[in-house]
Amino acid sequence: MLRDNFKQNESVQANTAFLDELMEKLPDYFTSIGTFDLEKFRDNLKEHNIDELTSGYQLGWIGKDYAKKQSGERSTTVIVPDLLHNQKNENRDSQNLFFTGDNLEVLRHLQNIYANSIDFIYIAPPYNTGSDGFVYPDKFEYSDEQMKEMFGINDDQLIRLKSIQGRASHSAWLTFMYPRLYLAKKLLKDSGVMFVSIDDNEQANLNELLNEIFGESNFVNKFTWVSKPEGRSLQSVGANGTSEVIFAYAKNINEVSEFKSSASKLRNLMPQNYSGYEREVSFDEKGEYIATHELYNGNSIFNEETRPNLVFDIWYRESDGDIKFEEPSESGYVLIEPHRNTDGVHKYNAYRWSKEKIAKESDDLLFVKKGETYKIFTKRRDFDTVVAKDLITQITTASGGQDLRKLGIVGFDFPKPVKLIKFLIEIAAPKDAVVLDFFAGSGTTAQAVMELNNEDGGHRKFVLATLPELTYTALMLDLRTDFSLPCKLIAEEHFLYDSIFTRI
């Protein structure tokens, strides 16, 4: 199989991954020999009066074609399980995965079993600050002549392409990120979302890169995370920086709903952002509720003329809560007339609920005595749920280091806070989500998943990938596993990368 992959990779071109995706989505436009029928495609565009875009903005850089080629290549490594770790009693039945090795190879392996299966991705890739250790790692495994033939470039262009090797330029960073983001998108479900942290160094490039891979229409949010409120000096001019951004993109924006969470949780996490959500909570047989709006529609255009079926009298008996819409012969009922309209033309406002809905869901109505009659309010039972804001405060970079020190782990630079990842997962992923982080570092995402499951009884699973990193462990706690346990990496001859997975 690996020999087949090596052979297939030799034939991969810059547009191979794109054509494979087109064939999957539009098989009718491919000939029997697998070539794209451009004329048929153009004819159908004209037939449906769709204008072709003849010019537009594109993101280009040295190495883009090479990055596209990498997006279409198959894995040339094998995965070797850490049997010693996996056979421990506490790990034997786990469904979580932790890979150690080059994350591009890991993403290629995951295509076989996790394509269209991931609910949530979070990554914090190298920020390319010049001091974070990022350099472009690829060794360009093809000869100069092969690369010139593959990409249709001359000697000068080849020199420019190879100049990114071992460099930390914008082109090197984009070439590094493109295939990883491309393959990550293919792992997402249609309802899945991806979050990417970045700072000012590559923010603009990342935004354009995500637009190109996911499509501008699938942009969801740009979160501003105030990670260092005391400020940090970014350069010798201007103001000190206090924030980073987290981009959120959907695989299919039509399958993604609002990002919501518990108001009380958000208020405890970020009281500055979520003050004012305190509510007077009452109780009935069904549980907690708050009284919200009156039952009538406050917009005067909804009246006896425009909504005659929603303007009617209600007879209410307080002793047993019975409701009728015709005057009853029994005693004990009080007449409740529709609310008076104030537009000067019509007599009444329409109700927001029909007679049928009122009769069926009367236990979600609150009748409050007002003089000789009653006011009717609707009860809201999901009152603790609010839509999250795109501003994240009171969770600092410093708290990420504190999280690790509590577990006795040191040696990671600027680890992300567990609270940050928990916030993102909770607002954007279901309780049974499969969560992926392929720049896992210290394993914060795994910790966030396990803590959330412990708090709300969820059944989330994680898939993590990271390069081997030297760390020091002083103390082990139940929720956290030491991800840096020594492992033997096995690879066959000519392999570029070694890859291993362990089950956590």
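Residues numbered from 1 in each chain as written. Predicted model: local features only at pLDDT ≥ 70, side-chain atom pairs only at ≥ 80, totals over all residues. Heavy atoms only, no water.

For the rest of this paragraph, the subject is the overall build of the chain. Per the secondary structure count, the chain includes 15 helices and 21 strands. Here the chain holds 504 residues, and 45% of them are scored as buried. For the chain, long-range pairs separated by at least 24 residues make up 75% of all intrachain contacts whose partners lie at least 6 apart in sequence. Total accessible area computed for the chain in this model is approximately 27,100 Å², and 48% of it derives from carbon and sulfur atoms. (Helix = DSSP H or I, 4+ residues; strand = E, 2+ residues; numbered from the N terminus. Buried < 20%, exposed > 50% of the residue type's maximum accessible area, 1.4 Å probe, protein only. Contact = heavy atoms within 4.5 Å. Areas by Shrake-Rupley, 256 points an atom, 1.4 Å probe, with all protein chains shown as cover.)

This paragraph deals with the packing of helix α4 (residues 64-72) against helix α9 (residues 170-187). Running from N to C, α4 and α9 cross one another at 30°; their axes reach a closest spacing of 8 Å. As judged from the angle between their axes, α4 and α9 are roughly parallel. Regarding α4 and α9, the two cross each other, and that crossing is right-handed. Only T175, Y178, P179, Y182 and L183 of α9 make contact with α4, whose side of the interface consists of K64, Y66, A67, K68, Q70 and S71. Classifying every residue of the contact of α4 with α9 by side-chain character gives 6 nonpolar, 3 polar and 2 charged. (Axes fitted to C-alpha atoms, helices over the stretch in contact; angles between N-to-C directions. Parallel < 35°, antiparallel > 145°, perpendicular 65-115°, else oblique. Left-handed = near helix turned anticlockwise from the far one by under 90°. Nonpolar A, V, L, I, M, F, W, Y, C, P; charged D, E, K, R; others polar.)

A few words now on the sheet that holds strand β12 (residues 334-336). With antiparallel pairing, the 3 strands of this open sheet are ordered in space as β11-β10-β12. Two strands close off the open sheet at either side, each with one partner strand: β11 (322-324) and β12. Across this sheet, the average inter-strand angle for adjacent strands is 30°, counted without regard to direction. (Pairing = 2+ DSSP bridges.)

Next up on the list: the sheet that holds strand β9 (residues 287-294). Strands sit in the order β8-β9-β14-β13 across an open sheet of 4 strands; the sheet is antiparallel. A single partner strand is all that each edge strand has here, and the edge strands are β8 (282-284) and β13 (365-370). Between one strand and the next, the sheet's axes are offset by a mean angle of 50°, whatever the strand orientation. Sheet analysis places β13 next to strand β14 (residues 373-380), joined by 6 bridges and oriented antiparallel. Bridge pairing in β14 places L365 opposite T378.

Turning to the nonpolar core, a few remarks are in order. The biggest cluster of nonpolar side chains holds 43 residues, and the ones touching the most others in it are I121, I123, L181, M194, L209, L436 and F438. Ranked by residues supplied to this core, first place goes to α9 with 10 residues. Contact partners of F438, with chain neighbours within four places excluded, come to N103, L107, I121, Y122, I123, R180, A184, M194 and A465. Counting residues in hydrophobic clusters, the runner-up holds 39 residues, among them M270, A428, V435 and L464. (Core = buried A, V, L, I, M, F, W, Y, C linked by side-chain atoms within 4.5 Å.)

With that settled, the discussion passes to helix α14 (residues 418-428). Of all 11 residues that make up α14, 9 are buried, and the element is covered over most of its length. Three or more residues of α14 are buried, namely V418, L420, I421, K422, F423, L424, I425, I427 and A428.

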